[in-house]
Amino acid sequence: MKAKEFLNQAYLLDQRIKSKSEQIQSLNELATKCTATLTGMPRNPNHGGSTMADAVCKIIDLQNEIAADMDRLVQIKKDIVDVIGKVDDVKFRILLEKRYLCGETWEEITMSLYHNRRWVFRLHDKALDEVQKILDSGETSH
């Protein structure tokens, strides 16, 4: 696995969790939306399902998926922290933590490190090389 791909795992999984949470919110709104349709015709009880019941089932399924994703996210972040901790250069570690664990933008990182964007990108490339060496050496569980 490439260094950047390894480090981006947490971000991507976090985005997936956020997406599922938004789906739950949408389903909650659907489940609590109350509309009544009055007609003179009796309804077939076996025809179609309850929109609310379907939404509740989907909510429960998504909540279970989010719980599993959260457990996985914690493990991935632990693995990333372990790898970053093995990087020798403190500047590299700070940059990697800010970018891949804190989710800071490049602008935020350049401001906090008091350097220009090009320097930060060069530093990032060197830091990724260090992470790749660690991953290739097999010093990690990944």
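Rules used in this analysis
Residues numbered from 1 in each chain as written. Predicted model: local features only at pLDDT ≥ 70, side-chain atom pairs only at ≥ 80, totals over all residues. Heavy atoms only, no water. Core = buried A, V, L, I, M, F, W, Y, C linked by side-chain atoms within 4.5 Å. Buried < 20%, exposed > 50% of the residue type's maximum accessible area, 1.4 Å probe, protein only. Helix = DSSP H or I, 4+ residues; strand = E, 2+ residues; numbered from the N terminus. Contact = heavy atoms within 4.5 Å. Patch = residues over 30% accessible without salt bridge, like charges linked within 9 Å, V, L, I, M, F, W, Y side chains within 5 Å. Areas by Shrake-Rupley, 256 points an atom, 1.4 Å probe, with all protein chains shown as cover. Salt bridge = Lys/Arg side-chain N within 4 Å of Asp/Glu carboxyl O. Axes fitted to C-alpha atoms, helices over the stretch in contact; angles between N-to-C directions. Parallel < 35°, antiparallel > 145°, perpendicular 65-115°, else oblique. Nonpolar A, V, L, I, M, F, W, Y, C, P; charged D, E, K, R; others polar.

> What is the right way to read the nonpolar core from this model?
With 33 residues, the main nonpolar core has Leu 7, Ile 80, Leu 96 and Val 131 as its most contacted residues. Elements supplying a minimum of two residues to this core: helix H1 (3–32), helix H2 (51–85), helix H3 (90–101), helix H4 (106–113) and helix H5 (117–137). Residues in contact with Val 131, not counting those within four places in the same chain, are Ala 3, Leu 7, Val 83, Val 87 and Leu 96.

> What exactly am I supposed to notice about a nonpolar patch on the surface here?
A surface patch of nonpolar side chains, amounting to about 250 Å² of accessible area, comprises Met 52, Val 56 and Ile 60. Note that Met 52 resides in helix H2. Residue Met 52 is classed as partly exposed on the basis of its relative accessible area, which comes to 45%.

> Quick question: what am I supposed to make of the packing of H3 against H5 here?
Between two packed helices, the angle of one axis relative to the other and the distance separating the axes together describe the packing. The N-to-C vectors of H3 and H5 enclose an angle of 95 degrees; their axes lie 9 Å apart at closest approach. Relative to H5, the element H3 lies roughly perpendicular. In this structure, H3 uses Lys 91, Phe 92, Leu 95, Leu 96 and Tyr 100 to contact H5, whose residues at the interface are Trp 119, Val 120, Leu 123, His 124, Lys 126, Ala 127, Leu 128, Glu 130 and Val 131. Residues belonging to the contact of H3 with H5 are distributed by class as follows: ten nonpolar, one polar and three charged.

> Where do I start with unusual backbone geometry in this structure?
Across the chain, the bulk of peptide bonds are trans and the bulk of non-glycine residues have phi less than zero. You will see that Tyr 114, though not glycine, has its phi angle at about 60 degrees, which is positive. Among the structural elements, Tyr 114 can be located in the loop between H4 and H5.

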